Each structure stands twice: as C-alpha cells, then as structure tokens.
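Now for the letters of each chain:
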Amino acid sequence: MSGPLVIAVDGPAASGKGTIARALARHYGLPHLDTGLLYRAVGIGVLRAGGDPSQAADALRACDFSEGVMADPGLKSEAAGRAASIVSAHPAVRAALLARQRAFAAQPGGAVLDGRDIGTVIAPAATAKLFVTAASDVRARRRFEELARLGLHVTEDHVLADILARDERDSGRAAAPLVRAEDAVLLDTSAMGVDAAVKAAIAIVEARR
Ligand SMILES: Nc1ncnc2c1ncn2[C@@H]1O[C@H](COP(=O)(O)OP(=O)(O)O)[C@@H](O)[C@H]1O
Ligand SMILES: Nc1ccn([C@@H]2O[C@H](COP(=O)(O)OP(=O)(O)O)[C@@H](O)[C@H]2O)c(=O)n1
C-alpha cells in the first residue's frame, strides 16, 4: 500500500500500548504521540486549579495547557490518570483536543499514535490498527511495578481497582468510548514479554502494508 504509514494503537489502561507504540515508532522511524498525556494534562490542570474534573466548564478551561506540562512527571500519577478519565468523557474536552491529534496523524511522513479512540475517531483511515489488551491482573501488576519504579507507592489492589474503574468509565462513555475498531487486530500481551509483544506488533503492521 502506498501513502504515509499511519499506525493506530488503542487499548485499556496499562495494556502495553504505549510501549508498543514507541517501539513501532522507533522501528519505522515515525513520530509518536501518546494521546493519553493530553487528557492527563487536562486532568492535572483541573486538580491543580482546585476544580472538579466532572464539571465540563472546569475541564474545558484546563484544555488550554502549556506545552511544558507534557513533560511533567506528575502526569504519570494515578490521580492524573483518574482525573484524565473523568475529563475525557466531556465531549467539549474531546473536541478541544481533536485538531491537534488529527494534525499529528496527518503528517506527510506518517505517524504512530496511541490512546483509546485512535482507530475509531482520530485516524479511522490508518494503515494499521492494533487493539492491545492484557488480563486486568497482569495490567495491574505491570502498572504497580511501573509506579513503584517512579517512587509512587500504592498497593497492587488499589492499582487494580483504579484500572477497572477507569476501563469501565472509558468503555461506558457516550463520546468516543474505548472500543476495538472493526478493522483493528487484537493483540493480547498477557503472556508476552515486551520483546515478543513488539515482534507481534511489527508482524501485524507488516501484514497491512
Ligand atoms: N508485554 C509486556 N510485558 C511486560 N511488561 C510490559 C509489557 N508491555 C508493557 N509493559 C510494562 O507495563 C507498564 C505499562 O505499559 P505501558 O506501555 O505504559 O502501557 P499503556 O500505554 O497501555 O498504559 C510499563 O512499565 C511497561 O514497561
Ligand atoms: N485517546 C485517548 C487517550 C486517553 N484517554 C483518556 O485518558 C486516560 C489516561 O490515558 P492513558 O493512555 O494515559 O492511560 P494508561 O492507559 O497509560 O493508564 C484514559 O483513562 C482515558 O480516559 C482518552 O479518553 N482518549
């Protein structure tokens, strides 16, 4: 297939989609956008302003964040993830972040994006779409270990409860819910290490090129 290579990677919390998206970007020499960071930036902006993520007006005000926030280590926290999944249900917030993501996906040289609605809303004509998943206990363990490495100490049970609550909110919302695009290839990484998952992802992209 000719034209730029655009790869859409979607999936639930801590499924490994970011790891796979980054590796694909490296492998194909493409720019990568972790769209979850945009929603996390809005979420943390609301919290820092003392607002309520469930209030659309508070969330919309926080959409005007400065670029520097994207590198803030606080974005990785559970609190930011929880706030992100609440603000992301407001259609006005999704609309405010849409143009930037579509423009990234439409770069002439191609791109890799990961999130929840890349294959369904942001880049429905992507060359290859992956829906990355893993069992919830596996995802909780991976996220728990990641947070521990970052010095953010929470219990594994707490991480699991947070992931399940977020999955339910993300799948149940009316605006761009987390759902596998019909033409996305399912990649369950429950029993795969990073190298095996990346290899499988490259094979999926190759089959679509
Ligand atoms: N296949 C895998 N096997 C083991 N650990 C993984 C695998 N994929 C990702 N991880 C680890 O799990 C954590 C969450 O992965 P990440 O790619 O950030 O997930 P997501 O972007 O879906 O939230 C990270 O610490 C990452 O290194
Ligand atoms: N394209 C996207 C990306 C993230 N999000 C929201 O942002 C939250 C944080 O996303 P993330 O990708 O950083 O979260 P993890 O999967 O890394 O835990 C998700 O729970 C979603 O509610 C979204 O709605 N749409």
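Being a predicted model, the structure only gives us computed values, none of them experimental.

Another point: the sheet that holds strand 4 (residues 128–133). Strand order in the open sheet formed by five strands is 2-3-1-4-5, and the pairing between neighbours is parallel. Strand pairing shows two members of the sheet lacking a second neighbour, strand 2 (32–34) and strand 5 (185–188), which therefore form its edges. The mean angle between the axes of side-by-side strands here comes to 20°, regardless of whether they run parallel or antiparallel. Here strand 2 runs beside strand 3 (residues 111–115); their pairing, made up of three bridges, is parallel. Residue H32 lies in a different strand from strand 3, and its bridge partner there is V112. Here helix 9 (residues 194–208) sits on the sheet in contact with strand 1 (6–10), strand 4 and strand 5, set at roughly 170° to strand 5.

For the rest of this paragraph, the subject is the packing of helix 2 (residues 36–48) against helix 4 (residues 78–87). Interaxial distance between helix 2 and helix 4 falls to 7 Å at its minimum, and their mutual angle equals 100°. Looking at the two axes, helix 2 sits roughly perpendicular to helix 4. Only A79, A80, G81, A83, A84 and V87 of helix 4 make contact with helix 2, whose side of the interface consists of Y39, R40, V42, G43, I44, V46 and L47.

Here we come to the site of ligand 2. Close to ligand 2 lie 18 residues; K17, R40, R143, R166 and D170 are nearest. Within the side chain of R40, one N or O atom sits 2.6 Å away from an oxygen atom of ligand 2. Within the side chain of D170, an N or O atom sits 2.6 Å from an oxygen atom of ligand 2. Burial of ligand 2 by the surrounding chains reaches 96%, relative to a free accessible area of 530 Å². With respect to the detected pockets, ligand 2 is housed in the largest pocket. Elements with a minimum of two residues in the shell around ligand 2: helix 2, helix 4 and helix 8 (156–172).

The next thing to look at is the site of ligand 1. Taken together, 15 residues form the shell around ligand 1, and within it K17, G18, T19, R143 and M192 come nearest. Residue S15 places a main-chain N or O atom 3.0 Å away from an oxygen atom belonging to ligand 1. Interatomic distance of 2.8 Å between a backbone N/O atom of G18 and an oxygen atom of ligand 1. Here ligand 1 loses 80% of its free accessible area of 550 Å² to cover by the protein chains. Judged by the proximity of its atoms to the pocket grid, ligand 1 belongs to the largest pocket. Broken down by secondary-structure element, the contributors of at least two residues to the shell around ligand 1 are helix 1 (17–28), helix 7 (136–149) and helix 9.

UniProt's feature table lists "binding site: ATP" (unreviewed entry) at G11, P12, A13, A14, S15, G16, K17, G18 and T19, given in the numbering used throughout. Lining residues of the largest pocket drawn from the annotated list: A13, A14, S15, G16, K17, G18 and T19. Note on placement: A13 falls in the loop between strand 1 and helix 1. The buried category is assigned to A13, whose relative accessible area is 1%. The contact partners of A13, leaving out residues within four places of it in the chain, are R116, R139, I163, R166 and D167. Overall, the relative accessible area of 0% leaves S15 in the buried class. There is a polar contact of 2.9 Å between the side chain of S15 and the backbone oxygen of P12.

A separate point is the environment of V205. Among the secondary structure elements, V205 is positioned in helix 9. A relative accessible area of 0% places V205 in the buried class. In contact with V205, other than residues within four places in its own chain, are L5, I7, L24, Y28, A128 and L130.

Considering every residue of the chain, the mean pLDDT works out to 96; 100% of them sit at 70 or more. Predicted complex metrics record ipTM = 0.98 and pTM = 0.97.

Thresholds, definitions, all that
- Residues numbered from 1 in each chain as written.
- Chains lettered and ligands numbered in written order.
- Predicted model: local features only at pLDDT ≥ 70, side-chain atom pairs only at ≥ 80, totals over all residues.
- Heavy atoms only, no water.
- Pairing = 2+ DSSP bridges.
- Helix = DSSP H or I, 4+ residues; strand = E, 2+ residues; numbered from the N terminus.
- Axes fitted to C-alpha atoms, helices over the stretch in contact; angles between N-to-C directions.
- Contact = heavy atoms within 4.5 Å.
- Parallel < 35°, antiparallel > 145°, perpendicular 65-115°, else oblique.
- Near = heavy atom within 4 Å.
- Polar contact = N/O pair within 3.5 Å; in protein donor to acceptor, adjacent residues only side chain to side chain.
- Areas by Shrake-Rupley, 256 points an atom, 1.4 Å probe, with all protein chains shown as cover.
- 1 Å grid on protein atoms, 1.4 Å probe; cavity = no way out; pocket = protein on both sides within 12 Å on 5 of 7 lines; lining within 4 Å.
- Sits in = over half its atoms within 2 Å of the grid points.
- UniProt positions renumbered as here; feature names shortened; annotations may be inferred.
- Buried < 20%, exposed > 50% of the residue type's maximum accessible area, 1.4 Å probe, protein only.
- pLDDT = per-residue confidence, 0-100.

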